[in-house]
Amino acid sequence: MHYNKGAMSIIRKLERRLETIFEGAFARALASSIEPLEIAHHLERIIEDNRVEGLKRTYIPNVYTIRVSKKDFNLLKPFLEDLTHELAAFVRDKAVELNATLPGPVELTFEESDRVKAGSVLIIPHVRKRDMEAAAEEEASLEKTQAITPAQAASLGLHVVIATLEDLETGKKYPISRLPARIGRLESNDVRLADSAVSRIHAEIVREGTSFILRDLESTNGTKVNGRRIKHKKLAPGDLITIGQTRLRWQVNE
């Protein structure tokens, strides 16, 4: 299969991230069975083959069921959370590369199947009816107005900055344009912190109604808001978030 320059770049980015998850003895065990990068290659073909033209935009599926053999499923099982997170990030990157819209949040589910041979993969794409109907309504509204809210833009997959995290030491600003937004050391996180005291996937920011919620994802060193350790905390503009040794200021742009 031939990949264009953009495709190779996101594949290579993913390959580097997968190497941090699948390494050493486990990587050698997989050599004669399923290869995570090959799953990504199959996923890419599925995405490209299932583009749908809407009234104003091109859409790609946002829900994927990934079926592998029982043997491969058992090999991958300890790493499924990280692998699923990386592949979801890959789908979002692919949407950007194709200038396509995701009709809803990316969801990937791994299943074991007796019908799939070891070393093979079967990927089934889905678009939920409610997601496509919501996207169609948003498209219709674009014909009537030039301005849309950040929430509407986010539902259409547009990259509109809805909030910002500012590093108080360096002044670096991390724009947040989609939720949930994950924070951690992995390159695939929405906010990547090069801090050895930060876990690979440390925390995430989600939206509950009109509120933004910070959740600690069972990190090694914990998460603090305004100096207090938290597991689940509603954020207010100006809150100081401490993750590892990094102190961040939360600002909402809406």
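J.: Sorry, what's going on with the overall build of the protein chain here?
T.: A tally of helices and strands in the protein chain yields seven helices and 16 strands. Within the span of the protein chain, comprising 254 residues, buried residues form 44% of the whole. Partitioning the contacts of the protein chain with sequence separation of at least 6, the portion at a separation of at least 24 is 58%. In the structure as shown, the protein chain presents an accessible area of about 13,600 Å², 47% of it carried by carbon and sulfur atoms.

J.: Looking at this structure, I do not really get the nonpolar core. What am I missing?
T.: In a soluble, globular protein the nonpolar side chains are often hidden away together inside. With 31 residues, the main nonpolar core has Leu43, Ile66, Leu87 and Phe110 as its most contacted residues. The set of elements that each furnish at least two residues to this core consists of helix 1 (5-21), helix 3 (36-49), strand 3 (63-68), helix 4 (70-76), helix 5 (80-97) and strand 4 (107-112). Broken down by element, the residue count for this core peaks at seven residues, all from helix 5. Leave out the neighbours within four places in its chain, and Leu43 touches Tyr64, Leu87, Phe90, Val91, Leu108 and Ile123. Counting 21 residues, the second largest nonpolar core, distinct from the first, contains Ile162, Ile183, Ala203 and Phe212.

J.: Explain the environment of Thr65 to me, please; I cannot follow it from the model alone.
T.: By secondary structure assignment, the location of Thr65 is in strand 3. Distance from Thr65 to Pro125, taken between C-alpha atoms, is 6.5 Å for residues 60 residues apart in sequence. If near-sequence neighbours (up to four positions away) are discounted, Thr65 is found in contact with Thr109, Glu111, Leu122, Ile123, Ile124 and His126. Polar side-chain contacts of Thr65 include one of 3.0 Å to the side chain of His126.

J.: I keep staring at the sheet that holds strand 5 (residues 122-126) and nothing clicks. Help me out?
T.: Through backbone hydrogen bonds, the strands of a sheet pair up, either in parallel or in antiparallel fashion. Taking strand neighbours across the sheet as the criterion, the three strands line up as 4-3-5 in an open arrangement whose pairing is mixed. Sheet topology places strand 4 and strand 5 at the edges, where each strand pairs with a single neighbour. Going from strand to strand, the sheet's axes swing by 20° on average, the running direction of each strand aside. With six bridges connecting them, strand 3 and strand 4 associate as parallel partners. Bridge pairing in strand 4 links Ile66 to Phe110. Running at roughly 35° to strand 5, helix 3 makes contact with strand 3, strand 4 and strand 5 of the sheet. Helix 5 rests against strand 3 and strand 4 of the sheet, and its axis sits at about 135° to strand 4.

J.: Looking at this structure, I do not really get the pairing of strand 10 (residues 203-208). What am I missing?
T.: On a regular strand, one side chain projects to one face of the sheet and the next to the other, so that they alternate. Of the pairings in the sheet, the one linking strand 8 (residues 181-184) to strand 10 comprises three bridges and is antiparallel in character. What sits directly across from Ala181, in strand 10, is Ile205. The pairing of strand 10 with strand 11 (residues 211-216) spans six bridges and is antiparallel. Among the inter-strand pairings, Ile205 is bridged to a residue of strand 11, identified as Leu214. Linkage of strand 10 to strand 11, two consecutive antiparallel strands, is achieved through a turn of two residues, within which Gly209 is found at a positive phi near 65°.

Parameters at a glance
Residues numbered from 1 in each chain as written. Predicted model: local features only at pLDDT ≥ 70, side-chain atom pairs only at ≥ 80, totals over all residues. Heavy atoms only, no water. Helix = DSSP H or I, 4+ residues; strand = E, 2+ residues; numbered from the N terminus. Buried < 20%, exposed > 50% of the residue type's maximum accessible area, 1.4 Å probe, protein only. Contact = heavy atoms within 4.5 Å. Areas by Shrake-Rupley, 256 points an atom, 1.4 Å probe, with all protein chains shown as cover. Core = buried A, V, L, I, M, F, W, Y, C linked by side-chain atoms within 4.5 Å. Polar contact = N/O pair within 3.5 Å; in protein donor to acceptor, adjacent residues only side chain to side chain. Pairing = 2+ DSSP bridges. Axes fitted to C-alpha atoms, helices over the stretch in contact; angles between N-to-C directions.

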